[in-house]
Structures are given as structure tokens and as C-alpha cells.
Amino acid sequence: MKNKHVNAIVVGAGAGGGIVAKELAVAGLSVVLFERGGWATYDDHNDDELISQRTTVLGNAFGPDDKRHRRVVVNSDGSTRIVLPSEGSYSNNAACVGSGTVSYGAMAWRFMEKDFTMKSTYGHVEGSTLDDWPINYFDLEPYYEKAEWEIGVSGESGANPFESHREKPYPMPPFAYNHSANILADAAKRLGYSPFPIPMLRNSVRYGGRPACYRMRSCVGFACPVNAKCGTHNTVIPTALDSGNCELRTHCQVAEIMLDEKGRATGVKYFDEKDKGQIQTADIVVVSAAAVETARLLLNSKSKLFPNGAGNNNDWVGRNLQGHAYTGAHGLMNDDVYDDVGPGATLAIADFNHDNPGIVGGGVLCNEFTAMPYLFSKMRPPGAKRWGPEHKEYQRSQFKKLIRLHGPFQEIPNFEARVTVDSEVKDHWGIPVARLSGSRHPYDPTGCQYMSERAEEILKEAGAYHTWQRVGGRGLSGGQHQAGTTRMGNDPKISVTNKFGQVHEIDNLFIADGSLCVTNGGFNPALTIMALGYWVGDYIVKNWNGSKFK
Amino acid sequence: METSRREFLRQLSLACGSVLFIPACAGYDSPWRFFSEKEARTVIAFAGQIIPADQDAGATDANVVNFIDKQLIGPYTRFQEEYRKGISAIENSAQKLFQKAFYELDRDNQTGFMEQMEAGKLPEEFWTEVNQRSFFNLVLDHSMQGFYGSPRHGGNKNYVSYKMMRLDYPHVLGQNRYESKCATAKLMEL
């Protein structure tokens, strides 16, 4: 049976797509929200470390599965290899209703003013595509606020002296520091820095009809057993469904955006849960499949006017793939610092994000999320023996004494770090898979080194008797913080969408996820992706006159 | 009333008044799914040196090789060939160096052998199809997963590794007690 025509299709029920679907549905548009996975609950995998979003060795707790999905990674010597979703270099994002917002660590960062003006702040960086966003912080500020209040954020307004202006405080009080945060807060203050509680998309008190967090050890990488973590799956998506205007189609893999001879989007081709090919037509198509899959979908949508993929006549789709170069330091303390108060990360230091001499951008440093036992088996000082009695003794005696401070360094985008589609390798449905190539910009290790040195100083001040740096910034980018592949901009020649996420030349095709980000900030990106969801959704609603754009 | 096979066997075991051992595939008495008995002995010895028993349980007590065996017919099917060839290369190397099976060597010889393998210094002649360092790292990683991962996958029997790391399980919030020098010192001040 033919699917009924709707006003809007949203592809991907994650941080961006869940919000756009809700904005459109409550405004009265009929919406079909596609998700390649299903609903995820705590009971599916509970606290199983080997099948979580953090450690995926036996599979991805929140999808996608190893059986049907593949990607190709281009090695630095030009050779290629096929990678499975459970392997790290796949750059996986969860495939379930809510996507990463079900299992994330839930840090709720707003980018800073300078994150939107990287080029005018720091000038051109050789070999990069560093640029300003076409919008600034104040354009997005009301949408950040909406995300904080509708999804739910716990935090202490005004505690971060480097935060850009906010109109309204956080809706919930901050989480108390755990033991390691208390130790690090004192040390950081003695060094003249300004530590503060990490804002979290997690209930510190009852909010949105859901209970307060009870601080599980297994939080990041897992679903919440009491629903205290705030994602799109337990906020906006239920609202969208309640409106009566949104139909959620789970276990559907969208293969292609259909474009007519005038170059407008007419709908999508997809495979339903029984692998049957189907067509859904709509007035508008919004793609929110995260940076890798969004680029792949556009590139796989070839038509007469767009022979190289939708919106790709200038070869910018899939370019500037970014993530975050994680960097920091580890230290050993004489006494136990681990207090089993989950999820572990409670303290942030934002002094190293902008305005540091000689450093382009920067990032935030946080005390780390609890490492589960298997993950901890890989955390060793340089040169430590990996097995045998020494391994075991370290595991036994140091697990509660390790103190960590690290964070996401803002990567400098470059044109060659990119997503293309592979000409030979196909997935279960016969759709050409994403191919990841290029590497991070050579500047990244320099900035990471600076942050790791600062982290090590703080750990030493906190009393760590043995410290070592863990410096990031090399290799292929992407990962869960993937961004940048359909950058927004004012000049159609060097961007894919306009400032409202509307694809240049295709006025009824929108992007609403991290792919829009020109640069990725020195913070975890979830709240920014949510704000962009509201921003794009608001533009569509304001320009909709019942049957088409005004 | 129709009785399921499982129920029938349960009743039979109750009737006999003993625990009835039911192998995964009836008619074949090996407890292993993928490994041969001999291969299993090699991997048990190998994993047993990666995580040796001391005052706390080691890989053998935690059923680490049961974990690996189970995964090799599940999510790790793709590593089957590497295990088959890698174990064979370990055995051939040990025969050449010691004229004994790897699992028959004493502890020092086993660990010495493994250090050579970790550094890629075992005789090359047996390692033409499998890279000895890669295979070492693979078994190392899988042993860690089996020892520290959730018992539902066949290893970490009774959460022995959690006990060793002083991580209470099950986690009963508000009811677990932790030894901490800081906390104890503060209590003593009171």
C-alpha cells in the first residue's frame, strides 16, 4: 500500500531530529520520523560493560549491528579496510530512538561566543578550512535556553566565569561534586583557575515527570534504569507523538532522498523493518542522521541536477569531518579517590578554552567518568606491564586511586578529512557505505599538548605522586562527536546549507544535526545539536503557510 | 500434557537425585564450542599467565577461556581462523624451543615464552600466516574482557574481578560500604 503523503520527513530520531520532529508536529505539520533502530531500554543490556556505548567489543548496545552495517576506512598509506560498527574506527553513533542521548554522559555545554567566530578571532590557519559560522552565539542563545528547559539541564548559572551571556538560569540545581572533584576543585583554585560543576542533561531533582538521578556507576555508555537522564527519547519525541501529528517509523533504513527534475526534494526511498523497499513522499525533508550518515545519504541521492549527490555540486558535502581530540592527564594518589558516586564527571575547568597565549581555540577539562573494570585495564602509565602479576596488582590496588582530568580539544577543520561513499562496498540493503578518509589537522596535537600540560599541573597540585600525560589529536577524526560535513554558510560555493540549515539550491531540503557545525567548539556537542534542532525547526515553522514555504 | 525437553531433563535430574550435566550439543562430550581439548589447554595456560591466580582468582578460576570459546562462535566468529592458526603456531614454537607443549611448561618458561611473543621474537618460521604480536594482543584483550566483563558472557565467574577491585556487586546504592583512608581518618577525628 502506498504511504500517505505528509508535510515533513525527518530522517534520524537523535538529538537534532527528535527536536525538529517535535517542533514541526506541534506546529501542525504532519511528520514521519524515521529511525534505523528501535526503542532502547536499560533492561536490554543493563550494566554490561562489553556491550555498552563506551565499550562495544561484543556489539553496540544501542546499535547499529555488525551484521548489516559496514564502513570503509582509508588508512594513512592509502590502503583501505572494512570496519564493523563494534570497532572503534567505525565512528559509531547510536542507532535507536533518542540515539546518543539515551546513553551519553549528558554534558550540557553551550559553545562560547568565540566558538562561532574562530577565523576572525584567530586568523587563517594554514591547511585548514577554519571559518566563522554564519550565525553567532546570540542567534542561538534563545534556542540553547529552550533546549535546557525542554530537555532538562542541571547546572549552576554564573559558576563558569567564561560562559557567554545567558538570559535564564538552568532549570535544575547542579550536581554535588564527587570526591575527586572536591580534591581537584581545591587544587585548581590554588592555581588560580575557576572550577565549577559540569552542567548536565540529567535530573538533579524531579523534572519533566521523571525522577532524580541516583548516581549509578554505570551511567555514561548505558541507558538510565530510572529514566533520570534527559534525552530526546523521553522528552520531545513523546511530545511529538502525543501531538497526533507525528508517526515514528522505527527499524527503517533510509536509502535515498528523491529529487525531481526541478531539483526539489519529493520524499525518500527507504527499507522498512521487513527489508521491503518503500517510498514516502513529503513537502519537506529534514536530514538528522549525524555527520557521517547525513553526508552518506546526501551523496547517495544522485539526480539529474545533482549528479554528485544532493547539494553537492561544489563538492563540499562530506568535507571537514571533525570530532574532538580528547586530551588530558592521569595521576595516582596515595589515598582512594574513587567513591562510587556515578557517573564520576562532576567538575569542569574552562580556563583553557580561548584566550590562552599562542593557542587556537582550546577546550574544557573535566574530571572523568567512572571507568568500568575492563576499560580500566587499558589505563596504565607509559611503560607499565600490560599482563601478569603486575597487571593484576595494579588493577587491584590502583583502581580507586587513579585521578583523571581530560577533555575535548576543538579540532581545526580541514578539507581532506571527509566522508565519501564507497564505489564497491555495500550494506545489507545494497546501499553504498560511507568511506572515511583524511586525518586531523597537524595543529591539533600542539593544542592538545598545551591542555595536557595544564591538566598534569593540576593533578600534581592535587597531590598525585605520579602523573603522565595522554595527548590526543592525531589520526582520523569523527567518533561520537562527529560534525561539520554539511557546513552552514553564506557563500554557497564554500558551504552546503544556508544559516537555517536549508541546503543551497534545494529549498525544501534541510539538515538539522552536528553536520551543520562550521567548527565544533571545545565542548561536548549535544546541547548545541539540540539548539540547532530548535533553530532549524523554528525557521521551517515560521516559513510554513499550510502547504508550502511562504 | 506435552513436556518440553528442558523440563523433561530437569525432572529426570531431580528423579536421579543428582546434577545432570547437559552439554551444549548432545552426543559430543567436549565442554568446548570452538576449541579442541588440546587448543583449550593451550589457551587456558596462556590466559592463566595473563591474569594469574594469587590471593585473588585468576583467569582460570574466572572461566576466561569459556568466555573466549563462547564468543568465537558468536560476535568473534571473525577471529576463528586467527585463533586456530595462532594456537597451532604457539604449539609448534614451544615444541621447537622446549620439546614440550606450551601448557606443559613451568610458569617461568611460559611467561618467558610469552614475553618473546609479545616482542615478536619467537622463531619466525611458524608465524608466516599469523603475526605473533597481533595474536598476543588479541588473546590479551580477550582475556581482559573475559576477566573483567559481565559474567553473562561466560567469564568473570561470580564477579571475581569486581571483588578483587573492591567494587560491590550487585550495586545497592546507599547500602554499600567502602574502605577509604580519608573517610576512616575523618571518622576517627570525630
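For clarity, every value in this text was computed on a predicted model and none was experimentally measured.

Moving on: helix H11 (residues 444–461) of chain A. Residue and element names in this part refer to chain A. Along its 18 residues, H11 runs 26 Å from first to last C-alpha, staying within 8% of the 26 Å computed at 1.5 Å per residue. Along H11, the residues classified as buried are Asp 444, Pro 445, Gly 447, Cys 448, Tyr 450, Met 451, Ser 452, Arg 454, Ala 455, Glu 456, Ile 458 and Leu 459. Of the surrounding secondary structure, the elements contacted by the buried residues of H11 are helix H6 (179–190), strand E10 (324–332), strand E11 (347–349), strand E12 (365–367), strand E13 (402–410) and strand E16 (466–470). Phi turns positive, to about 110 degrees, at Gly 463, one or two residues after H11.

Turning our eyes to something else, we now look at the sheet that holds strand E14 (residues 418–426) of chain A. Residues and elements named next belong to chain A. Ordered by their spatial adjacency, four strands build an open sheet running E4-E3-E15-E14, and the pairing between neighbours is mixed. The outermost strands of the open sheet, each flanked by one partner alone, are strand E4 (80–83) and E14. Pairs of neighbouring strands in the sheet enclose a mean axial angle of 35 degrees, with direction left out of account. Summarising the sheet, strand E3 (residues 71–74) and E4 pair through four bridges and their orientation is antiparallel. Paired with Arg 71 across the bridge in E4 is Val 83.

The subject of this paragraph is the interface of chain A and chain B. Tallying the contact residues gives 42 residues for chain A and 45 residues for chain B. Contact between chain A and chain B buries roughly 3600 Å² in total, counting both sides, with carbon and sulfur atoms accounting for 55%. In terms of surface lost to chain B, no three residues of chain A exceed A:Trp387, A:Lys392 and A:Arg396, which account for 22% of the buried area on that side. Between the two partners, chain A and chain B, sit eight salt bridges. Summed over the shared surface of chain A and chain B, the number is 22 residue pairs in polar contact (both at pLDDT 80 or more). When residues in the side of chain A that touches chain B are grouped by element, the largest group, six residues, is from helix H10 (residues 388–398) of chain A. Along the lines of polarity and charge, the residues of the side of chain A that touches chain B split into 15 nonpolar, nine polar and 18 charged.

With that out of the way, let us pick up the packing of helix H2 (residues 37–50) of chain B against helix H4 (residues 80–98) of chain B. Residues and elements named next belong to chain B. Contact geometry for H2 and H4: axes closest at 10 Å, N-to-C directions at 75 degrees. Considering their axes alone, H2 and H4 lie roughly perpendicular with respect to each other. Two secondary-structure elements touch here, H2 through Lys 38, Glu 39, Thr 42, Val 43 and Phe 46 and H4 through Arg 84, Ile 87, Ile 90 and Glu 91. When grouped by side-chain class, the residues that make up the contact of H2 with H4 number four nonpolar, one polar and four charged.

This part takes up the packing of aromatic side chains. Enumeration according to the criterion identifies 32 aromatic pairs over all chains in this entry. Between A:Tyr338 and A:Phe399, the ring centres sit 5.2 Å apart and the planes meet at 50 degrees, which makes this aromatic pair tilted. Here the residue A:Tyr338 occupies a position in the loop between E10 and E11, and A:Phe399 occupies one in the loop between H10 and E13, the gap between them amounting to 61 residues. As far as burial versus exposure is concerned, A:Tyr338 and A:Phe399 are alike and both buried. Both rings, one in B:Tyr162 and one in B:Tyr169, keep their centres 5.7 Å apart while their planes meet at 85 degrees; by these two values the pair is edge-to-face. Among the residues examined, B:Tyr169 registers a relative accessible area of 30% and is labelled partly exposed. Sitting over the ring of A:Trp149, A:Lys168 keeps its end group 4.0 Å from the ring centre. The cationic tip of A:Lys385 hangs over the ring face of A:Trp387; the distance from NZ or CZ to the ring centre is 4.0 Å.

All right, on to unusual backbone geometry then. All names here are of chain A. Here the residue pair Gly 63 and Pro 64 is connected by a cis peptide bond, since its omega of -5 degrees sits within 30 degrees of zero. Position of Pro 64 relative to the elements: it lies in the loop between helix H2 (42–45) and E3. That bond from Gly 342 to Pro 343 is cis: its omega, -5 degrees, falls within 30 degrees of zero. Within the secondary structure, Pro 343 is located in the loop between E10 and E11.

Glancing now at the pattern of salt bridges. Residues and elements named next belong to chain A. Per the stated rule, a full pass over the model turns up 43 salt bridges over all chains. The salt bridge partner of Asp 355 is Lys 114, with a shortest N-O separation of 2.5 Å. Of this pair, Asp 355 sits in the loop between E11 and E12 while Lys 114 sits in the loop between helix H3 (100–103) and helix H4 (118–122); the two residues are 241 residues apart in sequence, bridging distant segments of the chain. The exposed category is assigned to Asp 355, whose relative accessible area is 58%. The closest approach of N and O atoms between Glu 163 and Arg 166, which form a salt bridge, is 2.9 Å. Owing to a relative accessible area of 22%, Glu 163 belongs among the partly exposed residues under this scheme. The class of Arg 166 is buried, set by a relative accessible area of 12%. If you follow the salt bridges from partner to partner, you end up with Arg 110, Glu 141, Glu 148, Glu 163 and Arg 166 in one network.

Before going further, it helps to examine the environment of A:Gly479. Residues and elements named next belong to chain A. Mapped onto the elements, Gly 479 comes out in the loop between E16 and strand E17 (509–511). Along the sequence, Gly 479 and Gly 546 sit 67 residues apart, while their C-alpha atoms lie 39 Å from each other. Excluding anything up to four places from it in sequence, Gly 479 contacts Ser 91, Asn 92 and Asn 93.

Rules used in this analysis
Residues numbered from 1 in each chain as written. Chains lettered and ligands numbered in written order. Predicted model: local features only at pLDDT ≥ 70, side-chain atom pairs only at ≥ 80, totals over all residues. Heavy atoms only, no water. Helix = DSSP H or I, 4+ residues; strand = E, 2+ residues; numbered from the N terminus. Expected span 1.5 Å × (residues − 1). Buried < 20%, exposed > 50% of the residue type's maximum accessible area, 1.4 Å probe, protein only. Contact = heavy atoms within 4.5 Å. Pairing = 2+ DSSP bridges. Axes fitted to C-alpha atoms, helices over the stretch in contact; angles between N-to-C directions. Buried area = accessible area lost by both parts, 1.4 Å probe. Salt bridge = Lys/Arg side-chain N within 4 Å of Asp/Glu carboxyl O. Polar contact = N/O pair within 3.5 Å; in protein donor to acceptor, adjacent residues only side chain to side chain. Nonpolar A, V, L, I, M, F, W, Y, C, P; charged D, E, K, R; others polar. Parallel < 35°, antiparallel > 145°, perpendicular 65-115°, else oblique. Phe/Tyr/Trp six-rings, centres within 6.5 Å; stacked < 30°, edge-to-face > 60°. Lys NZ or Arg CZ within 6 Å of the ring centre and 35° of its normal.

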